[in-house]
Amino acid sequence: MKKTIVIVAVLVIISCYGITEVRSDASDHRYKEGDSVPLYANKVGPFHNPSETYRYFDLPFCSSGHVTEKKEALGEVLNGDRLVSAPYKLDFKKDKDTEMACKRKLSKDDVAHFRNAVQKDYYFQMYYDDLPIWGFIGKVEKEGKVDPSEYKYFLFKHIQFEVSYNKDRVIEIMAHMDPQSLVDLTEDKEVEAEFMYTVKWKETEIPFEKRMEKYSQSSSLPHHLEIHWFSIINSCVTVLLLTGFLATILMRVLKNDFMKYAQDEEAADDQEETGWKYIHGDVFRFPKYKSLFAAALGSGSQLFTLTVFIFMLALVGVFYPYNRGALFTALVVIYALTSGIAGYTASSFYCQLEGKNWVRNLLLTGCLFCGPLFLTFCFLNTVAIAYSATAALPFGTIVVIVLIWTLVTSPLLVLGGIAGKNSKAEFQAPCRTTKYPREIPPLPWYRSTIPQMAMAGFLPFSAIYIELYYIFASVWGHRIYTIYSILFIVFIILLIVTAFITVALTYFQLAAEDHEWWWRSFLCGGSTGLFIYGYCLYYYYARSDMSGFMQTSFFFGYMACICYGFFLMLGAVGFRASLLFVRHIYRSIKCE
């Protein structure tokens, strides 16, 4: 308990520090007329493949002088940001009319490189005073042409910057590509390219504190809010229907069961004992593979805690739009700090299940989620290196992550495991377990594990699937998700529906005299993760325009890890709810 309090205190301090850092950094963005305001070119890549991004100067753009790299934080590197000084100079409140940034003679290879990028709909991203700028690098002229070989390809060479300011601060920036100033890339021949830019400054009344609000407006437009609230109402109706179903069926059935089992001894002798009371000597028999079960429960508990803390930081405003890398930094740090919860939960429960080899259980707990994630990362990072993409992590960043895992995650996992082993808590079972397990009667096919998982996963998934589109469009697209309060409500509904449906299926399983409910409740609770991965297939082929081996492998690889995490987290929730329910009903009857 003390350990959990310490971890919570540390996380609160980190979150407060993050907010303070953002605000203090914001107070430094003051300039005088003529001051040089930092403009950084970040990355380029196909618009429809958000993971496939490259360094800005991987394309043969020319630079106006020495290119300097901006030092990136851990989260920014994980986000694929690689900022370098841009060839354009935008001094504060200084208008410029068609100024040449640089000039370059494009070789045949350069022209082919640019043409390939224009063909794949490449965009660029820059940051000016920490404000994002986007633009497409060229256009394809298809008008009146049916055969793709007749298409014409053009490179934009003139950027028009429009910058708004309020007193001594930059408020907003937009970049427009001049459609009249083009370089023809259709033929493989050397061409001269003069990269030009124009800067127009205008005053605005928007305060500096609200300059990021325009980036979150797309999420809060009336049309989108209507859909979000429809999602909430849909989810609430699902919860009400499910709770009503449980209240009507389960409570009545349980009431009848309790009345029947509470009959006097003579009446009980006249009828054969059936139903869930009949298996009271087996219902608390420990499951097979108890070490794996305890490890899954520990990992799921850690991921649940991680999700709750991420929501806490989101709701207090840490993840404001384009706070580059804040989410990735929070995920790495909080996961490392909460590893003690995984160690404590797994080791404590394993010892309650009378497990002896707690060290092996602790190793299994540490590798159960991190192992598949590490293997997936190794494969995908190799793919990114082969593509020379910015998604490939530098060696130094990998060393930092390994050090965090070695110096923070592992020690906290071990300390949590030792605390769990020494807690000496005993498993609370209202009924004594018989020496030999009772044979489970033959059951119809729909009571087997797979159909039960399908039923258990469908309802929770139906409560969140509308919101899933917006999350996917944000993570795997260019939309911005900022309505974290609605997302938090959906998450709470997901937990409630998962717990209730798992409890209902557990009762029906016990009523059919099937006492092997431990793993079944975990698998049924976590089955929503499988439905989310099924939605990934639908989203990729029906709702997105992603293509190519790298983007496909990144999407399905990392979504497999995320869905696996959901499986462990919701599985732990389902099992905990079922355990409370089973203990309650068997405590309410007299078992001999």
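Residues numbered from 1 in each chain as written. Predicted model: local features only at pLDDT ≥ 70, side-chain atom pairs only at ≥ 80, totals over all residues. Heavy atoms only, no water.

## Some words on the overall build of the protein
Thinking step 1. Helix and strand counts for the protein stand at 17 helices and twelve strands.
Thinking step 2. Evaluated residue by residue, the protein yields a buried proportion of 49% over its 592 residues.
Thinking step 3. Summed over all atoms, the accessible surface of the protein reaches about 29,200 Å², with 61% contributed by carbon and sulfur. (Helix = DSSP H or I, 4+ residues; strand = E, 2+ residues; numbered from the N terminus. Buried < 20%, exposed > 50% of the residue type's maximum accessible area, 1.4 Å probe, protein only. Areas by Shrake-Rupley, 256 points an atom, 1.4 Å probe, with all protein chains shown as cover.)

## Observations regarding the packing of helix α7 (residues 290-315) against helix α8 (residues 326-337)
Thinking step 1. As a packed pair, α7 and α8 sit with axes 10 Å apart at the nearest point and diverge in direction by 140°. Classified by the angle between their axes, α7 and α8 sit oblique to one another. Here α7 and α8 pass one another in a crossing that is right-handed. Facing Q302, L303, L306, F309, I310 and L313 of α7, the residues of α8 in contact are L327, A330, L331, I334 and Y335.
Thinking step 2. Grouping the amino acids of the contact of α7 with α8 by side-chain chemistry returns ten nonpolar, one polar and no charged. (Axes fitted to C-alpha atoms, helices over the stretch in contact; angles between N-to-C directions. Parallel < 35°, antiparallel > 145°, perpendicular 65-115°, else oblique. Left-handed = near helix turned anticlockwise from the far one by under 90°. Contact = heavy atoms within 4.5 Å. Nonpolar A, V, L, I, M, F, W, Y, C, P; charged D, E, K, R; others polar.)

## Topic: the state of the cysteines
Thinking step 1. All chains considered together, the criterion is met by one disulfide.
Thinking step 2. The disulfide bridge from C62 ends at C102, spanning 1.9 Å between sulfur atoms. Taking the sign of the S-S torsion, about 80° here, the bridge from C62 to C102 comes out right-handed. Note that C62 is positioned in the loop between β2 (54-55) and α2 (74-78) and C102 in strand β4 (residues 96-106), a separation of 40 residues in sequence. One exposure class covers both C62 and C102, and it is buried.
Thinking step 3. Not part of a disulfide, C536 finds its nearest cysteine sulfur in C563, a span of 4.4 Å.
Thinking step 4. Here C536 falls in the buried class, since its relative accessible area comes to 0%. (Disulfide = S-S within 2.5 Å.)

## Here's the deal with unusual backbone geometry
Thinking step 1. The phi angle at D121 is positive, at roughly 60°, despite the residue not being glycine.
Thinking step 2. With respect to the secondary-structure elements, D121 resides in the loop between α3 (108-119) and β5 (122-128).
Thinking step 3. Positive phi values are uncommon outside glycine, yet E354 reaches one of about 65°.
Thinking step 4. Note that E354 resides in the loop between α9 (339-352) and α10 (358-368).
Thinking step 5. Take E354: its relative accessible area is 53%, and that puts it in the exposed class.

## Things to note about the nonpolar core
Thinking step 1. Within the largest apolar cluster, 79 residues are counted, with the highest numbers of intra-cluster contacts made by F319, F349, F472, L510, F555, F575 and Y586.
Thinking step 2. Breaking this core down by element, the ones donating at least two residues are α7, α8, α9, α13 (449-475), α14 (484-511), α15 (518-526), α16 (528-543) and α17 (549-587).
Thinking step 3. If you tally residues by element for this core, the top one is α17, at 17 residues.
Thinking step 4. Every residue in contact with F349, bar those within four places of it in the chain, is listed here: F293, A294, L297, F427, W518, F575 and R576.
Thinking step 5. In terms of nonpolar packing, the next biggest core, distinct from the first, is built from 60 residues, Y56, F161, V183 and M550 among them. (Core = buried A, V, L, I, M, F, W, Y, C linked by side-chain atoms within 4.5 Å.)

## Re the environment of T482
Thinking step 1. Position of T482 among the secondary structure elements: in the loop between α13 and α14.
Thinking step 2. The exposure class of T482 is partly exposed, given its relative accessible area of 21%.
Thinking step 3. Counting along the chain gives 161 residues from T482 to P321, while the straight-line C-alpha distance between them is 7.4 Å.

## Brief notes about the packing of aromatic side chains
Thinking step 1. For the structure on display, the rule yields 58 aromatic pairs.
Thinking step 2. Here the aromatic rings of F92 and W201 are separated by 5.2 Å at their centres, their planes lie at 70°, and the arrangement is edge-to-face. Separated by 109 residues along the polypeptide, F92 in the loop between β3 (84-85) and β4 and W201 in strand β12 (residues 191-203) bring together distant segments of the chain. Of the two residues examined, F92 and W201, each falls in the buried class.
Thinking step 3. Lying over the aromatic face of Y278, R438 brings its terminal NZ or CZ to 4.1 Å of the ring centre. (Phe/Tyr/Trp six-rings, centres within 6.5 Å; stacked < 30°, edge-to-face > 60°. Lys NZ or Arg CZ within 6 Å of the ring centre and 35° of its normal.)

## What about the sheet that holds strand β10 (residues 169-177)?
Backbone hydrogen bonds are what pair the strands of a sheet, in a parallel or an antiparallel way.
Thinking step 1. Here we have four strands laid out as an open sheet, ordered β4-β12-β9-β10, and mixed in their pairing. Unpaired on one side and paired on the other, β4 and β10 mark the two borders of the sheet. On average, each strand axis in the sheet is inclined to that of its neighbour by 20°, with strand direction left out of account.
Thinking step 2. Across eight bridges, strand β9 (residues 158-166) lies against β10 in antiparallel orientation. Bridged to S164 within β10 is E172.
Thinking step 3. Contacting β4 and β12, α3 crosses the sheet at an angle of about 120° to β4. (Pairing = 2+ DSSP bridges.)

## Re the pattern of salt bridges
Thinking step 1. Tallying each qualifying case throughout the model produces 14 salt bridges.
Thinking step 2. E69 is the salt-bridge partner of R55, the closest N and O atoms lying 3.8 Å from each other. Note that R55 is positioned in strand β2 and E69 in the loop between β2 and α2, a separation of 14 residues in sequence.
Thinking step 3. When its relative accessible area of 35% is taken as the criterion, R55 is described as partly exposed. (Salt bridge = Lys/Arg side-chain N within 4 Å of Asp/Glu carboxyl O.)

## What to know about the sheet that holds strand β11 (residues 182-184)
Thinking step 1. If you walk across this open sheet you meet the three strands as β7-β8-β11, and the pairing is antiparallel. Looking at strand neighbours, the two that pair on one side only are β7 (138-141) and β11, the edges of this open sheet. The mean angle between the axes of side-by-side strands here comes to 30°, regardless of whether they run parallel or antiparallel.
Thinking step 2. As judged from the three bridges shared by strand β8 (residues 152-156) and β11, these two strands associate in the antiparallel manner. Bridged to F156 within β11 is L182.
Thinking step 3. Lying over the sheet, α3 contacts β7 and β8, oriented at roughly 100° with respect to β8.

## Examining a nonpolar patch on the surface
Thinking step 1. Side chains of W229, I233, V237, L241 and I489 sit close together on the surface and give an oily, nonpolar patch of about 480 Å² of accessible area.
Thinking step 2. Considering each element in turn, the nonpolar patch owes the most residues, four residues, to helix α5 (residues 222-261).
Thinking step 3. By the element assignment, V237 lies in helix α5. (Patch = residues over 30% accessible without salt bridge, like charges linked within 9 Å, V, L, I, M, F, W, Y side chains within 5 Å.)

## Things to note about the side chain of S553
Thinking step 1. Examined against the element boundaries, S553 turns out to sit in helix α17.
Thinking step 2. Polar side-chain contacts of S553 include one of 2.9 Å to the backbone oxygen of F549.
Thinking step 3. Among the polar contacts made by the side chain of S553, one reaches the main-chain carbonyl oxygen of M550 at a distance of 2.8 Å.
Thinking step 4. With residues near it in sequence (within four places) discarded, S553 still touches F379, L380, V383 and Y558. (Polar contact = N/O pair within 3.5 Å; in protein donor to acceptor, adjacent residues only side chain to side chain.)

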